[in-house]
Amino acid sequence: MKKLLRTAPLIIALMVLCTSMVFAGGQKEEPGDKTLTIGFSQIGAESAWRSAETDSIRSEAAKRGINLKFSDAQQKQENQIKALRSFIAQKVDGIILAPVVETGWEPVLKEVKAAGIPVVLVDRGIKVSDDSLYTTLIASDFVFEGQEAAKWLAKKLNEKANIVELQGTPGSAPAIDRKKGFEEIIAKYPDMKIIKSQSGDFTRAKGKEVMEAFLKAEGKNIHAVYAHNDDMALGAIQAIEEYGLNPGKDVILISIDGVRGAFEAMIEGKLNCSVECNPLLGPLAFDAIARSIVGEKLPKWIKQNDQVFPQEVAAEVLPKRKY
Ligand code: AHR
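It should be emphasised that the depicted structure is a prediction, and the values quoted were computed from it without experimental measurement. (Residues numbered from 1 in each chain as written. Predicted model: local features only at pLDDT ≥ 70, side-chain atom pairs only at ≥ 80, totals over all residues. Heavy atoms only, no water.)

Caption draft 1: Fine view of the overall build of the protein chain. Helices and strands together make up the secondary structure of the protein chain, namely eleven helices and twelve strands. Evaluated residue by residue, the protein chain yields a buried proportion of 52% over its 323 residues. Taking contacts inside the protein chain between residues at least 6 apart in sequence as the whole, the part at least 24 apart equals 75%. Accessible surface computed for the protein chain: about 15300 Å², of which carbon and sulfur atoms make up 55%. (Helix = DSSP H or I, 4+ residues; strand = E, 2+ residues; numbered from the N terminus. Buried < 20%, exposed > 50% of the residue type's maximum accessible area, 1.4 Å probe, protein only. Contact = heavy atoms within 4.5 Å. Areas by Shrake-Rupley, 256 points an atom, 1.4 Å probe, with all protein chains shown as cover.)

Here is the structure:
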């Protein structure tokens, strides 16, 4: 018994040491494994969707024991270009890039390619003449999202509506493609018209501000709001309420993303529909980086499949939502 009492502190110390070795960084370290260093250039934190994407990439990096260099560009392409150059200087093993706009990437991506670093694009596409400048794009089909939004709205309003559009960030892939997809469908219905369209920069505050201006100019002439993301729709809801109308009833609202806030607004009857856009891209992004590091050729677009959620299903679906 005396011997046991004497050795007990030593046994406890060994147990603590082993546990901390196994769970260092939340990840079991395999001896001999090289820790990968990956640079992630994120656009910013403009929306709940964006924060969900950041969390997905950060938590997946932690799970895999990856050393993640995170850079927030505060919505500026120049900051993203600086971040990519700094990742080259730091000799990272791979880069994940969420590009704020579609154009202007060729020069810096040529530098990254010359350094032999694979680039995986997440959520937004780019326009480059040489598609070997990136490995793959992991993203939703924004044209499809715009088309689905227009189809739902045409049905809801019997193919007749004055619509105001809150666009995303100018020059960004989702703003361009969601507009394109929506317009393609409403072109089939002569009585569905976009009477006002302006950027709300994907933020709630700007969505509210632009909606206030729309209401000032058009008032009750507005039948529907098409917002390129949920955050702007939530801002528009506030503006409509302050104007003295009932969002979801006097004015029909549809937006894109499928974040929890949108589901809550649908349950309250203030938002009518949200088209999903999956931000949980962390696991796919690191799989793609790992595959490209070993020289595997990947498809140029790893497309995400999204669904349409009308308000009728919101209460049932919300508990299962992961973002
Ligand atoms: O690129 C995806 C878009 O960017 C999301 O729809 C929006 O919420 C975000 O900020």
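Caption draft 2: Representation of helix α6 (residues 173-186) within the structure. Taking 1.5 Å per residue, 14 residues should reach 20 Å; α6 reaches 20 Å between its end C-alpha atoms and fits that length. A large share of α6 lies buried, amounting to ten of its 14 residues. Buried within α6 are the following residues: A173, P174, A175, D177, R178, K179, G181, F182, I185 and I186. (Expected span 1.5 Å × (residues − 1).)

Caption draft 3: Structural view of the pattern of salt bridges. Using the criterion set out here, one finds 25 salt bridges in the structure. Here K179 ties to E183 by a salt bridge, and the two come within 2.9 Å at their closest N and O atoms. Of the two residues, K179 and E183 are both situated in helix α6; the distance of four residues between them amounts to about one turn of the helix. For K270, the salt bridge identified is with E241, shortest N-O distance 2.8 Å. (Salt bridge = Lys/Arg side-chain N within 4 Å of Asp/Glu carboxyl O.)

Caption draft 4: Geometry of the side chain of H228. Inspection of the secondary structure assignment puts H228 in the loop between β8 (224-227) and α8 (230-243). Apart from residues no more than four positions distant in its own chain, H228 is found in contact with E165, L166, Q167, G168, P174, A175, R178, K179, F202 and I256.

Caption draft 5: Structural detail: empty space enclosed by the protein. For the structure on display, the rule yields one cavity of 30 Å³ or more. Taken as a whole, the largest cavity spans an internal volume of roughly 100 Å³. Lining the largest cavity are 13 residues; nearest its centre among them are W49, R50, R124, R178 and D257. When contributions to the lining of the largest cavity are tallied by element, the ones reaching two or more residues are α2 (48-64) and α6. Structurally, the lining of the largest cavity is a two-domain feature, drawing no fewer than three residues from each of domain 1 (35-140 + 279-305) and domain 2 (142-277). (1 Å grid on protein atoms, 1.4 Å probe; cavity = no way out; pocket = protein on both sides within 12 Å on 5 of 7 lines; lining within 4 Å. Points joined across faces, edges and corners; volume = space filled by probe spheres on them. Domains from an automatic or database assignment.)

Caption draft 6: Expanded view of the site of the ligand. Taken together, the residues surrounding the ligand are E46, S47, W49, R50, D123, R124, P174, R178, F202, N229 and D257. A distance of 2.4 Å separates an oxygen atom of the ligand from a polar atom in the side chain of E46. Here an oxygen atom of the ligand and a side-chain polar atom of R50 are 2.9 Å apart. Here the ligand loses 100% of its free accessible area of 280 Å² to cover by the protein chains. One can see that the ligand is located within the largest cavity. Mapped onto the shell around the ligand, the elements with two or more residues apiece are α2 and α6. (Near = heavy atom within 4 Å. Polar contact = N/O pair within 3.5 Å; in protein donor to acceptor, adjacent residues only side chain to side chain. Sits in = over half its atoms within 2 Å of the grid points.)

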